[in-house]
Amino acid sequence: MKILLVFASLVAATCSERLFVGDQVLRITASDEEQITLLRVLGEQAELQVDFWRHPTSPGHPADLRVPFPSLQAVKIFLESNSISYSIMIEDVQELLDEEKKTMTKSRRIERSTNTFDFASYHTIDEIYDWMDTLVDNHPSLVSKIQIGQSYENRPLYVLKFSTGGSNRPAIWLDTGIHSREWITQATGIWTANKIAEEYGQDPSVTAILDSMDIFFEIVTNPDGFAFTHSSNRMWRKTRSINAGSHCVGVDPNRNWDAGFGGSGSSSNPCSETYRGPYAHSESEVKAIVDFIRGHRNVKSVISIHSYSQMLLFPYGYKTAPAPNYQELNELAKKAVSDLAAVYGTKYTYGSIADTIYVADGTTTDWAYDNGVKYSFTFELRDTGRYGFLLPSTQIIPTATETWPALLDIMVHVLEHPY
């Protein structure tokens, strides 16, 4: 009987987890505007269930599309009959997921037997929250954990506060994992938070920053989505809120901010990956940050970390007009990507969101900028599509290591240019 129960629970666990056997990621390059339009139409065919990992933006710029196995033939025929060129980036998505899971299991065994935390591994939400407590315990005079709200499913929204004292000092806000499937971001967040704590008193830049400013760091910005990527669907991007009148769940939390909200750079369809939500700040995960930054009134920089594409972006996303201090932001981004590239040769592009990728409205970066935060940036970490959101854990430490000098460039600039 016991064996049967174990077997039944295994089957149940397997059944609740979405599989991607035979799914492929195609890299598609449109040659003209007409083909871009065709790709957008393809993306809206609900029955195909395709998922753009990188959206079609302009001719010559590649788009990445995950295609479920049952839709492969139809999609490829559509592309070929419209003379749209494509190649296969990922042959079988499930193979990468199986590999990822195997690596995590192995790492977890070693962590448990040695009682250490492996920065080179992906972790669950519970493991990350436990690690936060350890970081606070190890650096009690520098790091504390605060709760700024609750997610839709009532998970705590935790923020690490790095402070050497003083009240309401100028502050820098960092967040990772607002799109839950972008696992490299939460992992980079963990490494970076640890680095900040370890380098205070050692590295002159970190020491100077924290001697006069506070840093607030939200590592798991979309906890419900993140938990869901571990339990049920590794490719989940949005929040997990219920949409009235729709069977589709969740809102894109990076289209939910009150900055050009509801424009053409987001979707009004609850089934879309870029669904903006019923109204600005409808998502408790977004509203918590809005309330925190507004309540603080002295946040000088907001840095939101995403993946993938290897880009450093700044406002605007919801309009093509240059930001008032475009020149300064552009120069700072240029220096940051150059220092990032100096580590391992990883090449980033940089510029305003609208110029560099596409018009996107309701983003964190634009909201922060419109609300007086002058140094507002978005990182898109590795890679450029070979693995996309399924970056192998062997790349966590290299990604975090190369991103660090770029983050420091921005933070030092903020310190040296008070406003």
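Note that the coordinates shown come from a computational prediction; the quantities given were computed from them, not determined experimentally.

Caption draft 1: Summary view of the overall build of the chain. Within the chain, the regular secondary structure consists of 13 helices and 12 strands. By the compact-globule yardstick of 22 Å for 419 residues, the chain fits well, its C-alpha radius of gyration being 21 Å. Oriented by its inertia axes, the alpha-carbon framework of the chain measures out at about 65 × 60 × 45 Å. Within the span of the chain, comprising 419 residues, buried residues form 57% of the whole. Look at the contacts in the chain between residues 6 or more apart in sequence, and 74% of them connect residues 24 or more apart. Accessible area of the chain: about 17600 Å², with a carbon and sulfur share of 53%.

Caption draft 2: Quick look at helix α5 (residues 125-138). Along its 14 residues, α5 runs 20 Å from first to last C-alpha, staying within 8% of the 20 Å computed at 1.5 Å per residue. Looking at α5, one finds that the buried residues are Ile125, Glu127, Ile128, Tyr129, Trp131, Met132, Leu135 and Val136. Those residues of α5 that are buried are in contact with α4 (93-114), β5 (143-150), β6 (156-162), α6 (183-199) and α8 (223-231).

Caption draft 3: The packing of aromatic side chains, seen in detail. In this structure the tally under the stated criterion is 18 aromatic pairs. Taking 5.4 Å as the distance between ring centres and 45 degrees as the angle between the ring planes, the aromatic pair formed by Trp257 and Trp367 counts as tilted. Highlighted residues: Trp257 in the loop between α8 and α9 (284-296) and Trp367 in helix α12 (residues 364-370), separated in sequence by 110 residues. Summarising the aromatic geometry, the rings of Tyr316 and Tyr369 are spaced 5.5 Å apart at their centres and angled 90 degrees between planes, so their arrangement reads as edge-to-face.

Reading the values: the criteria
Residue numbering note: each chain is counted from 1, following its sequence as written. Since the coordinates come from a predicted model, pLDDT governs what is reported: local features require at least 70, and pairs of side-chain atoms require 80 or more to be given and counted, while whole-chain, interface and lining totals use all residues. Calculated side-chain values reflect all of the structure's heavy atoms, with hydrogen atoms and water omitted. Only DSSP runs of H or I covering at least 4 residues are called helices, and only runs of E covering at least 2 are called strands; the numbering of each starts at the N terminus. Here the globule rule reads 2.2 Å times residues to the power 0.38, and the radius of gyration is calculated from C-alpha atoms. The buried label applies to any residue whose accessible area, calculated with a 1.4 Å probe on protein chains only, is under 20% of its type's maximum; exposed applies above 50%, and partly exposed to all values in between. Any two residues whose heavy atoms approach within 4.5 Å are treated as being in contact. Per-residue and other accessible areas were derived by the Shrake-Rupley procedure at a 1.4 Å probe size, with only the shown protein chains allowed to occlude residues. One less than the residue count of a helix, multiplied by 1.5 Å, gives the span that helix is expected to have. Between rings of Phe, Tyr and Trp, where Trp is taken as its six-membered ring, a pair exists when centres lie within 6.5 Å; planes separated by under 30 degrees are stacked, by over 60 edge-to-face, and by other angles tilted.

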